[in-house]
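# A structural walkthrough
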Amino acid sequence: LCEGLAPRADLLIEHLHRLNDAEGALRQGHLAALAERLRLSQVEVFEVASFYHHFKIVDDTAEVPRTTVRVCTSLACAMAGGEDLLARTRAALADRPHLAVEPVPCIGQCHQAPAACVGQHQLPHASPEAIGDAIARGDTGPRALPAPQANALTQLQRLLAGALTGDAVIAELKAANLRGLGGAGFPAWRKWDTVRAQPGVRYGVVNIDEGEVGTFKDWHVLTTGAPQVLEGLLIAAEVVGLSHVWLYLRDEYHDARALLEREIASLRPRLQALAERFPGYRAPAIELRRGAGAYVCGEESALIESIEGKRGLPRLKPPIVAHHGVFGRPTLAHNLETLWWVPLLLAQGGATWAAQGRRGRHGLRRFSVSGRVKRPGVHLAPAGITLRELIDEFAGGMAEGHTLHAFLPGGASGGILPASLADVPLDFDTLAEHGAFVGSMAVVVLGQHDRARDAALNLMRFFEHESCGQCTPCRAGTGQLVRLMQSPAWDGERMDELSAVMREASICGLGQAAPNPVDSVRRFFPDEVGP
Ligand code: SF4
């Protein structure tokens, strides 16, 4: 089953996927054989296999369902009846023992809620009938996607021909004020400068593990613009001097993975031709890695651990990954959308791109918009736009029968804000005084029939499920908050204590930001949570 895959320890997760795909689960006998093949202890293989949600470990003789139907119950899908869909699908398929039906956290289809996944087949606007039909047709493999827009590698060739220098590229990123679009918003040029200055071998990582509740823009960018992402990556590799790059894609995007595999394969002969045309050009080795259902791997150091074939446990920092990343080497880590912009900025000029913002903000932003709006989807809008403008100018206004009650400006971690803040610009650093942030620009809109406290509970359950368990404040705190939030009247004093400890003592952003929904509901929606 693992034929053609090198017996390397860093490829452990890829090997596990092969076994899991073939059998529908990981059999203990297979794990033992794999340990021997990769020269790892059985404990090492078991601890990795048991860490990731998409792997199931079973006895050698256990019956395994042929197909698993996963129904999303995260926020946007829950608002669109995800829990009801789960119950009705379970009832409809109850007499089919070879099928399993289970809830799943956000699968990045929030604009087409409620969504489900039948095997590896994403099903938007799902119903029990549509799920049953997909099973009957045998539609359990990835959806076929149209080829994305081709790309001539124009900016890369300018760089290789000397029409553009590495310094000039970094100057354009600076003029554009391009910031990391995975959530942290760190200036891209600074990252490039920092990694470029490190001695010795340097690596690159493209983070396509978008798992933040409400975020689906990366799927959109990848499926419409993978060649442009790859050009941005090759430019970064040339300027920063990266010899090896890894693209880490969330496992739920089976259709995008097939597309990306094709794009990388078709790039290889073109890079060979460029190496012949520009003597001295050495393109980086490019590897695509598959996540396995762990939200925490969106955190860059956890993602790097996963690339190395380990559990996705976030590292203590410092050192930062720019100094000590993949296999201990300096590493440039970027969200794929950040790289998508690079060729475009170089073509337009950074300052021209930056001028498109509103209210003194720079450039354009891709918002994932879901919830109670007429046109949910990915909307490209000027940086500095307000929620009200985003809804009215891009998302078609509020959905029929709904008025604005609350909104999430930045997915699960970014807090929940009231309608009275709909005129504040949505951009990096603009919401800090309200205890919120935009992160990866995932906007979920709640109407007057939705309660902010229900949304917050849904998000806290997500954090409890996704906590990697490495540190106690996050592992225990998320669970305790879930229990406290189920009470009709919230215990504010206890919540304050938990929130403070989690913020102070958690290792990574998941635990540090997990109290945000609770804190913002208590601050802005006190009438929903009792005296
Ligand atoms: Fe893991 Fe949570 Fe600690 Fe992050 S904060 S390292 S997710 S336990």
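Residues numbered from 1 in each chain as written. Predicted model: local features only at pLDDT ≥ 70, side-chain atom pairs only at ≥ 80, totals over all residues. Heavy atoms only, no water.

## Examining the overall build of the protein
Assigned secondary structure in the protein consists of 20 helices and 15 strands. Taken over the C-alpha trace, the protein has a radius of gyration of 23 Å; the compact-globule value for 531 residues is 24 Å, and the two agree within 12%. In terms of principal-axis extent, the alpha carbons of the protein reach across some 70 × 65 × 45 Å. Counting every position in the protein, which comprises 531 residues, the buried fraction comes to 59%. Partitioning the contacts of the protein with sequence separation of at least 6, the portion at a separation of at least 24 is 70%. Total accessible area on the protein stands at roughly 20,800 Å², and carbon and sulfur atoms take up 51% of it. A distance of 4 Å separates the average location of the 53 positive side-chain charges in the protein from that of its 59 negative side-chain charges. (Helix = DSSP H or I, 4+ residues; strand = E, 2+ residues; numbered from the N terminus. Rg over C-alpha atoms; globule rule 2.2 N^0.38 Å. Buried < 20%, exposed > 50% of the residue type's maximum accessible area, 1.4 Å probe, protein only. Contact = heavy atoms within 4.5 Å. Areas by Shrake-Rupley, 256 points an atom, 1.4 Å probe, with all protein chains shown as cover. Lys, Arg positive; Asp, Glu negative; His and termini not counted. Charge placed at Lys NZ, Arg CZ, Asp CG, Glu CD.)

## Examining the pairing of strand β12 (residues 377-382)
Alignment of strand β11 (residues 364-371) against β12, held across six bridges, turns out to be antiparallel. Counted as the bridge partner of Arg-365 is Ala-381 from β12. In this structure, the hairpin formed by β11 and β12 is closed by a connection of five residues. (Pairing = 2+ DSSP bridges.)

## Details of the environment of Gly-108
With respect to the helices and strands, Gly-108 occurs in the loop between β4 (99-104) and β5 (116-118). Measuring from C-alpha to C-alpha, the distance between Gly-108 and Glu-212 comes to 8.4 Å, with 104 residues separating the pair along the chain. Excluding residues that lie within four positions of it along the chain, Gly-108 makes contacts with Thr-215, Phe-216, Arg-250 and Tyr-253.

## What about the pattern of salt bridges?
Taken as a whole and judged by the stated rule, the model has 36 salt bridges. Linking Lys-217 and Glu-337 is a salt bridge whose minimum nitrogen-to-oxygen distance equals 2.9 Å. Taken as a pair, Lys-217 in helix α10 (residues 217-240) and Glu-337 in helix α13 (residues 336-348) lie far apart in primary sequence, 120 residues in all. Exposure class is identical for Lys-217 and Glu-337. Each is buried. (Salt bridge = Lys/Arg side-chain N within 4 Å of Asp/Glu carboxyl O.)

## Structural notes on the packing of aromatic side chains
Taken as a whole and assessed by the stated rule, the structure comprises eight aromatic pairs. For the pair Phe-51 and Tyr-52, a centre-to-centre distance of 4.9 Å together with 80° between the ring planes defines the contact as edge-to-face. Across the pair, Tyr-52 and Phe-51 agree in class, each one buried. Geometrically, the ring pair formed by Tyr-203 and Trp-246 is edge-to-face, given 5.1 Å between the ring centres and 85° between the ring planes. Separated by 43 residues along the polypeptide, Tyr-203 in strand β7 (residues 203-208) and Trp-246 in strand β8 (residues 244-249) bring together distant segments of the chain. Trp-246 sits in the buried class, given a relative accessible area of 2%. Aromatic rings pair up to connect Phe-51, Tyr-52 and Phe-55 into one cluster. Directly above the aromatic system of Trp-189 lies the positively charged group of Lys-174, at a separation of 4.2 Å from the ring centroid. Positioned above the aromatic ring of Trp-340 is the side chain of Arg-366, whose terminal nitrogen or guanidinium carbon lies 4.2 Å from the ring centre. (Phe/Tyr/Trp six-rings, centres within 6.5 Å; stacked < 30°, edge-to-face > 60°. Lys NZ or Arg CZ within 6 Å of the ring centre and 35° of its normal.)

## Section: the layout of surface pockets
Its boundaries defined by the atoms lining it, the largest pocket holds a volume of some 1,300 Å³. What lines the largest pocket is a set of 48 residues, among which Gly-182, Gly-183, Ala-184, Gly-298 and Glu-299 lie closest to the centre. Looking at the lining of the largest pocket, the elements that each hand over two or more residues are α9 (188-196), β7, α10, α12 (300-307), β10 (331-335) and α19 (509-513). By residue number, the principal contributor to the lining of the largest pocket is β10, which donates five residues. Counted by class, the lining of the largest pocket contains 18 nonpolar, 18 polar and 12 charged residues. (1 Å grid on protein atoms, 1.4 Å probe; cavity = no way out; pocket = protein on both sides within 12 Å on 5 of 7 lines; lining within 4 Å. Points joined across faces, edges and corners; volume = space filled by probe spheres on them. Nonpolar A, V, L, I, M, F, W, Y, C, P; charged D, E, K, R; others polar.)

## Remarks on empty space enclosed by the protein
By the definition in use, this model includes two cavities of 30 Å³ or more. Lining the largest cavity are Val-296, Pro-314, Ser-467, Cys-468, Gly-469, Gln-470, Cys-471, Cys-474, Ile-507, Cys-508, Leu-510 and Gly-511. Taken together, the residues of the lining of the largest cavity sort by class into eight nonpolar, four polar and no charged. Here the second largest cavity defines a volume of roughly 40 Å³. The wall of the second largest cavity is formed by Asp-10, Leu-11, Leu-12, Ile-13, Glu-14, Tyr-248, Arg-289, Arg-290 and Ser-306. Elements that contribute at least two residues to the lining of the second largest cavity include exactly α1 (12-23) and β9 (285-290). Ranked by residue count, the leading element in the lining of the second largest cavity is α1, at three residues. In terms of residue class, the lining of the second largest cavity is made up of four nonpolar, one polar and four charged. Both domains that furnish three or more residues to the lining of the second largest cavity are identified here as domain 1 (9-58) and domain 3 (154-350). (Domains from an automatic or database assignment.)

## Regarding the site of the ligand
In the vicinity of the ligand lie 13 residues, with Cys-468, Gln-470, Cys-471, Cys-474 and Cys-508 positioned nearest. Among the cavities detected, the one that contains the ligand is the largest cavity. Partitioned by chemical class, the residues of the shell around the ligand number eight nonpolar, five polar and no charged. (Near = heavy atom within 4 Å. Sits in = over half its atoms within 2 Å of the grid points.)

## Digging into the domain arrangement of the protein
Segmenting the protein into domains produces domain 1 (9-58), domain 2 (67-137), domain 3 (154-350), domain 4 (361-446) and domain 5 (451-531). Between the C-alpha centres of domain 2 and domain 5 there is a distance of 27 Å. With five residues of domain 2 in contact, the opposing surface of domain 5 contributes six residues. The contact between domain 2 and domain 5 buries some 380 Å² in all, and 71% of this surface belongs to carbon and sulfur atoms. (Buried area = accessible area lost by both parts, 1.4 Å probe.)

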